[in-house]
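Read off the chains here:
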Amino acid sequence: MTLVRLNKYLSEQGIASRREADKLIAAGLVKVNGKVMTEMGTKVDKEVDKVEVDEEQVKKYKKLVYIALNKPKGYVCSTKPTREDPDIVTDLVDVGERIYPVGRLDKETSGLLLLTNDGTLVNQIIHPSSESEKEYEVTFHKPIPEGALDKLRAGVKLAGESTLPTKVKKVGPAKIHIILKEGKNRQVRRICQKVGYPVNTLKRIRIKNLYLGELPIGRWWNLTESEVKGLKS
Ligand code: URA
């Protein structure tokens, strides 16, 4: 038997902070084994008891957090460190809420990464049907010719599967900006490799309406209401 206080249980599940969980409990939004529990000290057995919360109502009590981070190279998009990958992006942001990255950037990729505790944003940004634009700055080891850029623009087949056409702008002899509307695993690296130009450095510089701008590496900001609105539109 593993007994924990109900508010601790709810925070461990990522549903709300402990303080918010107390408000949910007091408001009668939490059921244990089918019964509404409004007592603060209620304890539950993690392995046996069935805890239910009214997800829709929870949003009113939960402080939603939206962060834009300039992810450094070497950090992984995860909430749990491992021996191989001890450096995780959530360690870079201290907001007193349990947040998680929206989608992924590879360990070796830097740039704009969103972190939030709002599950609906995740779907709006990374679900393929959202077709959200993501823009990357890519550098190569050697100058890239127009022919290779045209192949990237047309869409490249990866493991027999076609990818959507992309928008590509050359910004230097060995540097481009590329805009994708999908997010297959390591897509930029793989399509560039496929046309014969392996990526040297990769940085995400925009997600939909949100630009990385001059934000220093490892720094972050809280999104404004209008930035969040833009992302959700
Ligand atoms: N494409 C990649 O190859 N890596 C990323 O991190 C993002 C897009």
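Residues numbered from 1 in each chain as written. Predicted model: local features only at pLDDT ≥ 70, side-chain atom pairs only at ≥ 80, totals over all residues. Heavy atoms only, no water.

## Some thoughts on the pairing of strand β9 (residues 134–140)
Test applied: For each residue, the accessible area found with a 1.4 Å probe, counting protein chains only, is set against the maximum for its type, and the residue is called buried under 20%, exposed over 50%, and partly exposed in between. Helix numbers and strand numbers start at the N terminus; a helix is a DSSP run of H or I with at least 4 residues, a strand a run of E with at least 2. The pairing criterion is simple: DSSP has to find at least two bridges between the two strands.
Of all the seven residues making up β9, seven are buried; the element is thus mostly covered by neighbouring parts of the structure. Inspection of the sheet shows β9 paired to strand β13 (residues 175–180) by six bridges, in the antiparallel sense. What sits directly across from K134, in β13, is L180. Sheet topology places β9 next to strand β14 (residues 199–207); seven bridges connect them, and they run antiparallel. Across the sheet, the residue bridging to E137 is K203, located in β14.

## Structural notes on the sheet that holds strand β5 (residues 51–53)
Within the open sheet, the three strands sit side by side as β3-β2-β5. Their pairing is antiparallel. Because the sheet does not close on itself, it has two edges, and the strands there are β3 (35–36) and β5. Two elements, strand β2 (residues 30–32) and β3, share two bridges in a ladder whose sense is antiparallel. Paired with V32 across the bridge in β3 is K35.

## Some words on helix α2 (residues 18–26)
As a reminder, the rule being used: The arc refers to the directions leading from the helix axis to the C-beta atoms. We call two residues in contact whenever any of their non-hydrogen atoms come within 4.5 Å of each other.
Taken together, the buried positions of α2 are E20, A21, L24 and I25. Along the axis of α2, the buried positions cluster into a sector of 140°, meaning they face one direction only. In this structure, the buried residues of α2 make contact with α1 (6–12), β2 and α3 (55–61). After α2 finishes, the residue G28 shows a positive phi value of roughly 75°.

## A look at the packing of aromatic side chains
So the rule is basically this: Two rings from Phe, Tyr or Trp (for Trp, the six-membered ring) form a pair when their centres are within 6.5 Å of each other. A pair whose planes differ by under 30 degrees is stacked, one over 60 is edge-to-face, and the rest are tilted.
If you walk through the whole model with that rule in mind, you get one aromatic pair. Ring geometry for F140 and Y197: centres 6.3 Å apart, planes at 85°, overall edge-to-face. Taken together, the positions of F140 in strand β9 and Y197 in the loop between α6 (187–194) and β14 put the pair 57 residues apart, joining distant regions of the chain.

## Some thoughts on the nonpolar core
Quick reminder of the rule: The term nonpolar core refers to a set of buried residues drawn from Ala, Val, Leu, Ile, Met, Phe, Trp, Tyr and Cys, joined through side-chain atoms within 4.5 Å.
Counting 30 residues, the largest nonpolar core has Y136, V138, L152, I176, I178 and V188 as its most contacted members. Setting aside chain neighbours within four positions, we find L152 in contact with T166, V168, I176, I178, I191, C192 and V195.

## So, the pattern of salt bridges
Keep this limit in mind: Salt bridges are defined as contacts in which a side-chain nitrogen from Lys or Arg sits within 4 Å of a carboxyl oxygen from Asp or Glu.
Within the structure shown, the criterion is met by twelve salt bridges. For E52, the salt bridge is made with K50, and the minimal N-O distance between the two is 3.9 Å. The class for E52 is partly exposed, based on a relative accessible area of 31%. Measuring nitrogen to oxygen at the nearest pair gives 3.5 Å for the salt bridge that ties K184 to E182. One network of salt bridges, in which partners are shared, links E133, E135, K167 and R206.

## Observations regarding the site of the ligand
Using the following cut-off: It suffices for a single heavy atom of a residue to lie within 4 Å of a molecule or strand for the residue to be listed as near it. Polar contacts here mean pairs of N or O atoms no more than 3.5 Å apart (in protein, one a potential hydrogen donor and the other a potential acceptor; neighbouring residues in sequence count only if both atoms are side-chain atoms). Surface accessibility follows the Shrake-Rupley procedure with a 1.4 Å probe radius. Residue values consider only the protein chains on display as shielding. Lys, Arg, Asp and Glu make up the charged group, whereas Ala, Val, Leu, Ile, Met, Phe, Trp, Tyr, Cys and Pro make up the nonpolar group; the residues left over, Gly among them, are polar. What counts as a domain boundary in this text is fixed by an automatic or database domain assignment.
All residues in the neighbourhood of the ligand are listed as L105, D106, T109, Y136, R186, Q187, V188, R189 and L202. Residue T109 places a side-chain N or O atom 3.3 Å away from an oxygen atom belonging to the ligand. R186 is positioned with one of its backbone polar atoms (N or O) 3.2 Å from an oxygen atom of the ligand. Within the complex, 95% of the 240 Å² of free accessible area of the ligand lies under protein. The element that contributes the greatest number of residues to the shell around the ligand is α6, accounting for three residues. Its residues assigned to classes, the shell around the ligand comprises four nonpolar, two polar and three charged. Three or more residues apiece are contributed to the shell around the ligand by two domains, here domain 2 (66–127 + 212–224) and domain 3 (133–207).

## Let's talk about the domain arrangement of the chain
You can read the domains of the chain as domain 1 (3–57), domain 2 (66–127 + 212–224) and domain 3 (133–207). Centre-to-centre separation of domain 1 and domain 3, based on C-alpha positions: 47 Å.

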